[in-house]
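# Architecture at a glance
This is what each chain is made of:
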Amino acid sequence: MLRRTSTRAARKTDMAPLSRRRTGYLLILPTAVWLGLFFIIPFYSLLASSLFDPTGSVLTGYQMTWHFKNYVDVLVAYWPIMLKSLGYAGLATLFCLVLGYVLAYAIAFKAGRWKNVMLVLVIAPFFTSFLLRTLSWKLILADHGWVVNAMKHVWLLPPDGKILFTPISVIAGLTYNFLPFMILPLYASLEKIDTRLHEASSDLYANSFKTFFKVTWPLSLPGVVAGTLLTFIPASGDYINAQLLGSTNEHMIGNVIQDLFTTTGDYAHAAALSVILMAIIITMVLFYIRRAGTEELL
Amino acid sequence: MSSMASEASRDLQLTALHKEYPNGFVAVKSLDLVIPAGSFFALLGPSGCGKTTTLRMVAGLEEPTAGTIMIGKQDITHDKPYRRPVNTVFQNYALFPHLSISENVAFGLKRRGQKETSQQVKEMLELTELSEQAQKRPAQLSGGQQQRVALARALINRPEVLLLDEPLGALDLKLRRAMQIELKQIQNEVGITFVHVTHDQEEAMTMADTVAVMNQGRIEQMGAPADLYENPATTFVANFLGQSNLIRGTIVGKEGDVVKVNMQGTVVSIPAGRSHATSGDGWVGIRPEKVLIAPHGEPIDAPGNHMSGVVIDSSFMGVSTQYLIKMSWGQEMMCHEQNTGRRGVIPPGTAVDVSWRPEFAFLLDAAQDVDAGREED
């Protein structure tokens, strides 16, 4: 009896790795196919397009001439816009972090039984369209809207001041639209913090201020990193906010790429600009993750 | 405890300490307690008895509804936790997962503005045998090691009172026994007042100089472990601290320094100092290891009355044998017989005589619940 069970157990352990490995591959397969079809192939095509002869057009067709000068052209022409985009995205990310951290902290530690209601409210904006919400900001921030009037009234704005079609409205729009992407990862990592650690810290002579900087903040870093990445990356490539809430002066790199692709039909330069944007973001992200010391995220 | 003595020393004094939660639950009922400086004090009781709430009020993590907490002449009742000369070893330790072991241990000193901590940390890690683990993170340590980190992290601050909230609860039995001895040694070495909260009676008795048994927000009885065990004053203490046979009887009266009780037809004598009832009915209590047993007709090595019964269960446990005996009046009595090798295990079904030395029995008030403090199955 004993022997029979032990041989069965032995056979089972022999079999396990093989079947488990096969299951693993099967589970990866759908995603791998999806990524292959809709990421690897398009990315390859984007890379190829960025080296096409720029004198071609959609009508006449493009020729592969390994035209590396496309990259130099777009860098020379668009570096100020590129910097501005990263600046806008960076500021929006910072505002999201400050606003989002306060809210996520409140939901995680102070909300009590209102926790779930508040989380639903954070996600609620997603129930209406991104475009519609951004267009509403146009009404809210309009030159004679109540927000501008109220701010003029309390001298936060000069009498001829405006918000719409300025960098403020674009950054405000970006902050608004990406805030939930900051709040959710922040909440997830704050919520995991054992409140007994706060008690232990206060028992060990730390007031609430020191407890925050020595315990809460370091333990929430994975959420901070995830949230800032989820905000900064899409914000730096965004063009809707700049288009709807900004003038041509506030155009971001996303607007330029969109123009080049759809209006000008200059695929080669549009592709080169896209690749550069991607490279810059990847470099910044890698550097950032190194600095933040949260390699386990990768 | 005279007020002179407590003024001179730094005793921890709880006066009329009361805690009622907003939902109306009274966790601690007007508790008065003096814990002498330098002692190892255990608050023992089942879960929900108020022992942890008491501890948390001393730590400042819970606000008392009424009453005061003093250390010597210093009133700390409403001080913030970080302003009290008190540190806590938390249940499940609450170590900072993002800090190394030495950083965890240095945390308190650093927060009090001490720049150079390495020498003290080194000494504390040596005391708790953690020197090898200094650079590791808490998650890389075993349960016993984590427990010692929690202790080191609190002790390094040289608090006047160290609070231990079920510190050994998460350890397995063997490690727990080892840590009990270690904790006791460390307390001897550092001389700090230890207030230890536990539901494990053996742990409380092994380690503490004084044990206070708590039940439903009150202290049932307080004293040295041996006094509590040998002379419990309530059925709760008799059952919670070890096991007891409680047999109903009628008090006949006091004769000299003994109280006579008619117990199921047999009159037994109980020393007056161990009698906690004076008239009417009472529970005669006797610890199972004080009960002597022999097959019917064989002599028993004890003066006093013999009572007869039938063994219904015998469990051999190595050191001793545990018998369950059905007495003539229908009650089941428990008896532990030391395995001296004098006799084999008496099989179930055997008619036996039982007896005990009268000076080991105690008498409790029959108004008390006979099952109070018994572990629920």
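Every chain begins its residue count from 1, and numbering advances along the sequence as written. Here every chain gets a letter starting at A, and every ligand a number starting at 1, in the order they are written. The predicted nature of this model means local features are confined to residues of pLDDT at least 70 and side-chain atom pairs, given and counted, to a pLDDT of 80 or more, with totals for whole chains, interfaces and linings taken over all residues.

## Here we look at the overall build of chain B
Inclusion rule: Strands are runs of DSSP state E lasting at least two residues, helices are runs of H or I lasting at least four, and both sets are numbered from the N terminus onward. Contacts here follow a simple rule: the backbone-placed C-beta atoms of the two residues must lie within 7 Å.
Summing up its helical and strand segments, chain B has nine helices and 20 strands in all. C-alpha atoms of chain B, sized along the principal axes, occupy 75 × 45 × 40 Å. At a minimum sequence separation of 6, the contacts of chain B that also span at least 24 residues come to 64%.

## Remarks on the interface of chain B and chain A
Note the cut-off: Residue classes follow a fixed rule: Ala, Val, Leu, Ile, Met, Phe, Trp, Tyr, Cys and Pro count as nonpolar, while Asp, Glu, Lys and Arg count as charged, and any other residue, Gly among them, counts as polar.
Across the contact, 14 residues belong to chain B and 15 residues belong to chain A. Those elements that place two or more of their residues in the side of chain B that touches chain A are strand S6 (86-89) and helix H3 (101-111) of chain B. Among the elements that take part in the side of chain B that touches chain A, H3 of chain B stands out by supplying three residues, more than any other. Grouping the amino acids of the side of chain B that touches chain A by side-chain chemistry returns eight nonpolar, four polar and two charged.

## Focus: the sheet that holds strand S1 (residues 12-20) of chain B
Residues and elements named next belong to chain B. As a reminder, the rule being used: For two strands to be treated as a pair, DSSP must find no fewer than two bridges joining them. Angular values range over 0 to 180 degrees, each being the angle between N-to-C directions of two axes fitted as lines to C-alpha atoms, with helices fitted over their stretch in contact.
On the basis of which strands lie adjacent, the open sheet formed by four strands has the order S2-S1-S4-S5 and antiparallel pairing. Of all the strands in the sheet, the pair left with one neighbour each is strand S2 (26-35) and strand S5 (74-75). Of the strand pairs in this sheet, S1 and S2 are connected by six bridges, and their pairing is antiparallel. If you follow lysine 19 over to S2, its bridge partner there is valine 28. On top of the sheet, helix H2 (residues 51-59) reaches S1, S2 and strand S4 (66-71); it is set at about 65° to S2, its chief contact.

## Some remarks on the domain arrangement of chain B
We apply this condition: Residue ranges labeled as domains rest on an automatic or database domain assignment.
Domain parsing of chain B yields domain 1 (3-230) and domain 2 (243-365). Each of domain 1 of chain B and domain 2 of chain B was reduced to a C-alpha centroid, and the two centroids are 39 Å apart.

## Observations regarding the packing of helix H10 (residues 253-264) of chain A against helix H11 (residues 267-292) of chain A
Residues and elements named next belong to chain A. To keep things clear, this is the line we draw: Working rule for angles: under 35 degrees goes down as roughly parallel, over 145 as roughly antiparallel, 65 to 115 as roughly perpendicular, anything else as oblique. The handedness criterion is simple: a crossing whose near helix is rotated anticlockwise from the far helix by less than a right angle is left-handed, and one whose near helix is rotated clockwise is right-handed.
Contact geometry of H10 with H11 gives a least axis separation of 8 Å together with a crossing angle of 155°. Classified by the angle their axes make, H10 and H11 are roughly antiparallel. Every pair of crossing elements has a handedness; the one defined by H10 and H11 is left-handed. Seen from H10, the contacting residues are Ile253, Val256, Ile257, Leu260 and Phe261; seen from H11, they are Tyr267, His269, Ala270, Leu273, Ser274 and Leu277.

## As for the nonpolar core
What counts here: Throughout this description, the term nonpolar core refers to a group of buried Ala, Val, Leu, Ile, Met, Phe, Trp, Tyr and Cys residues whose C-beta atoms join them within 7 Å. Partly exposed residues are those falling between the two cut-offs: more than 12 but fewer than 20 other C-beta atoms within 10 Å of their own, whereas 20 or more means buried and 12 or fewer means exposed, with C-beta atoms placed from the backbone.
One finds Val195, Val213 and Val284 of chain B to be the most contacted residues of the largest nonpolar core, which totals 103 residues. In terms of residues, this core owes the most to one element, helix H5 (residues 143-155) of chain B, which gives six residues. For this core, the domains that each give at least three residues are domain 1 (3-230) and domain 2 (243-365) of chain B. Residues contacting valine 195 of chain B, with those up to four places away along its chain left out, are Ile35, Phe41, Leu43, Leu55, Val58, Val161, Leu163 and Leu164 of chain B. Judged by nonpolar contacts, the second largest core, of 49 residues, contains Tyr101, Leu186, Tyr187 and Ala242 of chain A.

## Overview of the packing of helix H2 (residues 69-110) of chain A against H11 of chain A
Residue and element names in this part refer to chain A. Contact geometry of H2 with H11 gives a least axis separation of 9 Å together with a crossing angle of 75°. On the basis of their axis angle, the class for H2 and H11 is roughly perpendicular. The residues of H11 that touch H2, namely those facing Asn70, Tyr71, Asp73, Val74, Leu75 and Tyr78, are Ala268, His269, Ala272, Leu273 and Ile276.

## A short note on the sheet that holds strand S19 (residues 351-355) of chain B
Residue and element names in this part refer to chain B. Read across the sheet, five strands follow the order S15-S19-S16-S17-S18 without closing on themselves; strand pairing throughout is antiparallel. Both edges of this open sheet fall to strand S15 (292-295) and strand S18 (332-338), since each of them pairs with a single strand only. Strand-to-strand twist in this sheet, taken as the mean axis angle between neighbours without regard to direction, amounts to 45°. With seven bridges connecting them, strand S16 (residues 307-316) and strand S17 (residues 320-327) associate as antiparallel partners. Paired with aspartate 313 across the bridge in S17 is leucine 324.

## Regarding the pairing of S1 of chain B
Residues and elements named next belong to chain B. Pairing geometry for S1 and S4, over five bridges, is antiparallel. Residue leucine 14 lies in a different strand from S4, and its bridge partner there is isoleucine 69. Where S1 folds back onto S2 in an antiparallel hairpin, the turn is made up of five residues, including glycine 24, whose phi is positive at roughly 95°.

## Section: the pairing of strand S7 (residues 161-165) of chain B
All names here are of chain B. Defined as follows: By convention, a crossover is right-handed whenever its connection, traced from the first strand over the helix to the second and viewed with the strands pointing away, goes clockwise.
Among the five residues of S7, five are classified as buried, and the element is accordingly described as predominantly covered. Across the two faces of S7 the burial is the same, with Val161, Leu163 and Asp165 and Leu162 and Leu164 all buried. The pairing of S6 with S7 spans four bridges and is parallel. Residue pairing in the sheet places valine 86 in a bridge with valine 161 of S7. Note that S7 and strand S8 (residues 193-198) share five bridges and pair parallel. What sits directly across from leucine 162, in S8, is phenylalanine 194. Handedness of the crossover joining S7 and S8 through helix H6 (residues 173-190): right-handed.

## Regarding H5 of chain B
Residues and elements named next belong to chain B. Put simply, the test is: The span one expects for a helix is its residue count, reduced by one, times 1.5 Å.
Compared with an ideal rise of 1.5 Å per residue, which puts 13 residues at 18 Å, H5 spans 18 Å between its outermost C-alpha atoms and is within 8% of the ideal. Burial analysis of H5 places ten of its 13 residues in the buried class, which makes it a mostly covered element. For H5, every residue scored as buried is listed here: Gln146, Gln147, Arg148, Val149, Ala150, Leu151, Ala152, Arg153, Ala154 and Leu155. Of the surrounding elements, those touching the buried residues of H5 are S6, H3, helix H4 (118-127), S7 and H6.

## Here's the deal with H3 of chain B
Residue and element names in this part refer to chain B. Counting buried positions along H3 yields eight of eleven residues, so the element is predominantly enclosed. By the burial criterion, the buried members of H3 are Ile101, Ser102, Asn104, Val105, Ala106, Phe107, Gly108 and Leu109. Check the buried side of H3 and you find it contacts S6, H4 and H5. Glycine 113 occupies a position one or two residues after H3 and carries a positive phi of about 90°.

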